Amino acid sequence: LILILIMTDFLRSDQFNVNKDRIYRVVTYSGSQRFGTSPKPVTDELVKNYPGVEKHVILTRKSGMIMYNQNNIEAEGFYASPEFFEVFSYNLEAGNKADVLTEPFSIVLTKELAVKLFKDENPVGKTIKFEDTGEFRITGVIDNKKLRSHFNFEMLLSYSTIESSNKDLFERLESWNNYYQNYSYLMLQEDVDPESIVHSLGEIYKARYNGIFRTEL
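Residues numbered from 1 in each chain as written. Predicted model: local features only at pLDDT ≥ 70, side-chain atom pairs only at ≥ 80, totals over all residues. Heavy atoms only, no water.

## Side note on unusual backbone geometry
Phase 1 of the analysis: Of note in this structure, Asn 69 is not a glycine but carries a positive phi near 55 degrees.
Phase 2 of the analysis: Its place among the elements puts Asn 69 in the loop between β4 (53-68) and β5 (71-80). (Helix = DSSP H or I, 4+ residues; strand = E, 2+ residues; numbered from the N terminus.)

## Some details on helix α3 (residues 111-118)
Phase 1 of the analysis: Taken residue by residue, α3 has Leu 113, Ala 114, Leu 117 and Phe 118 as its buried positions. Here the buried residues of α3 occupy an arc of 105 degrees about the axis, which is enough to place them on one side.
Phase 2 of the analysis: Of the surrounding elements, those touching the buried residues of α3 are β4, β5, β7 (106-110), β8 (127-130), β9 (134-142) and β10 (155-158).
Phase 3 of the analysis: Positive phi shows up at Lys 119, right after α3, with a value of about 55 degrees. (Buried < 20%, exposed > 50% of the residue type's maximum accessible area, 1.4 Å probe, protein only. Arc of directions from axis to C-beta. Contact = heavy atoms within 4.5 Å.)

## Points about the environment of Met 187
Phase 1 of the analysis: Within the secondary structure, Met 187 is located in strand β11 (residues 182-188).
Phase 2 of the analysis: Classification of Met 187 as buried rests on a relative accessible area of 2%.
Phase 3 of the analysis: Each C-alpha atom of the pair Met 187 and Tyr 24 lies 6.5 Å from the other, and the pair is 163 residues apart in sequence.
Phase 4 of the analysis: Ignoring sequence-local partners within four residues, the contact set of Met 187 consists of Asn 19, Arg 22, Ile 23, Val 53, Glu 54, Lys 55, Glu 86 and Val 87.

## Let's talk about the side chain of Thr 28
Phase 1 of the analysis: Within the element layout of this structure, Thr 28 appears in strand β2 (residues 23-30).
Phase 2 of the analysis: Here the side chain of Thr 28 touches Thr 37 through a polar contact of 2.9 Å, landing on its backbone oxygen. (Polar contact = N/O pair within 3.5 Å; in protein donor to acceptor, adjacent residues only side chain to side chain.)

## A few points about the packing of aromatic side chains
Phase 1 of the analysis: Evaluation of the coordinates by the stated rule reveals 20 aromatic pairs.
Phase 2 of the analysis: A centroid spacing of 5.7 Å and a plane angle of 15 degrees characterise the contact between Phe 84 and Tyr 90, whose relative ring orientation is stacked.
Phase 3 of the analysis: Counting every residue linked through ring pairs, the aromatic cluster contains Phe 16, Phe 78, Phe 84, Phe 85, Phe 88, Tyr 90, Phe 151, Phe 153, Tyr 183 and Tyr 185.
Phase 4 of the analysis: One cation-aromatic arrangement involves Lys 62 over Phe 130; the distance from NZ or CZ to the ring centre is 5.0 Å. (Phe/Tyr/Trp six-rings, centres within 6.5 Å; stacked < 30°, edge-to-face > 60°. Lys NZ or Arg CZ within 6 Å of the ring centre and 35° of its normal.)

## Overview of the environment of Asp 44
Phase 1 of the analysis: Summarising the element assignment, Asp 44 is placed in helix α1 (residues 40-49).
Phase 2 of the analysis: Of the residues examined, Asp 44 reaches a relative accessible area of 26% and is grouped as partly exposed.
Phase 3 of the analysis: Remark: the alpha-carbon pair of Asp 44 and Glu 174, spanning 130 residues in sequence, is separated by 9.7 Å.
Phase 4 of the analysis: Discounting chain neighbours no more than four positions away, the residues touching Asp 44 are His 56 and Glu 174.
Phase 5 of the analysis: In terms of polar contacts, Asp 44 uses its side chain to reach the side chain of Lys 40, at 2.8 Å.

## With respect to the environment of Phe 35
Phase 1 of the analysis: With respect to the helices and strands, Phe 35 occurs in strand β3 (residues 33-35).
Phase 2 of the analysis: With a relative accessible area of 22%, Phe 35 lands in the partly exposed category.
Phase 3 of the analysis: In this structure, the C-alpha to C-alpha distance between Phe 35 and Tyr 183, residues 148 residues apart in sequence, is 9.5 Å.
Phase 4 of the analysis: The residues touching Phe 35, leaving out its near neighbours within four places in the chain, are Val 27, Thr 28, Ser 30 and Tyr 179.

## Comments concerning the pattern of salt bridges
Phase 1 of the analysis: One pass over the structure, following the stated rule, counts ten salt bridges.
Phase 2 of the analysis: Taking the shortest distance from any N to any O, the salt bridge between Glu 83 and Lys 55 comes out at 3.9 Å. Taken together, the residues Glu 83 in the loop between β5 and α2 (84-87) and Lys 55 in strand β4 connect sequence positions 28 residues apart.
Phase 3 of the analysis: Between Asp 132 and Lys 62 there is a salt bridge; the shortest N-O distance is 3.0 Å. Taken together, the residues Asp 132 in the loop between β8 and β9 and Lys 62 in strand β4 connect sequence positions 70 residues apart. (Salt bridge = Lys/Arg side-chain N within 4 Å of Asp/Glu carboxyl O.)

## Considering the confidence of the model for the chain
Should the pLDDT be low somewhere, the predicted coordinates at that spot are not to be read in detail.
Phase 1 of the analysis: On average, residues of the chain score 88 in pLDDT, and 91% of them are at 70 or above.
Phase 2 of the analysis: By mean pLDDT, the top-scoring element of the chain is β10 (98), and the lowest-scoring one is strand β1 (residues 2-7) (60). (pLDDT = per-residue confidence, 0-100.)

## Side note on the pairing of β5
Phase 1 of the analysis: Sheet analysis places β4 next to β5, joined by ten bridges and oriented antiparallel. Its bridge partner lying in β5, Ile 66 is registered against Ile 73.
Phase 2 of the analysis: Here β4 hands over to β5 after two residues, with Asn 69 in that stretch at a positive phi of 55 degrees.
Phase 3 of the analysis: The sheet contact formed by β5 and β10 spans four bridges and is parallel. If you follow Tyr 79 over to β10, its bridge partner there is Leu 157. (Pairing = 2+ DSSP bridges.)

Rendered as structure tokens:
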């Protein structure tokens, strides 16, 4: 049994988000196990064919060695879909929220990581390299050090990079059976009852998984 539901993560943390009361995460239950992740195609289907979702974000973990000149630094973060900064209220110190995560091989650094790599230099427009995925152009800098969030990161890479750089990973992430690699967040339209989204997820589950299901908040 796989149970897909939506839940809010914004209790003590994440209070800085302007739309915190409308942001939910899709999670998965398999037997007695709960996963904070869910299949990406479920969210894609929900957004495309059902009403109620204004914006959505997909996150997939990414870590690796960053190389710039003589600096080699291990960093952790996420591949993030383009609407990240429209859902979550992080302020960019440099870059344009509308397009920093649009193009493949784009990356946003936290201020702390940017200082480690570039010291006092402006990093925007510069190129860094990962051992495993090649070169990325820095499109923005974010200062998130003082913000309390349920997820932490040093960098955000454009999600579109995956399809361009790693076909095998891209195909795995697009699988309806992969419920353990993608984090899916929904920002609901104003005045939408979350129960209606739960119902829609149930309809998707019945259509795609053809099994017994239940949904709840």
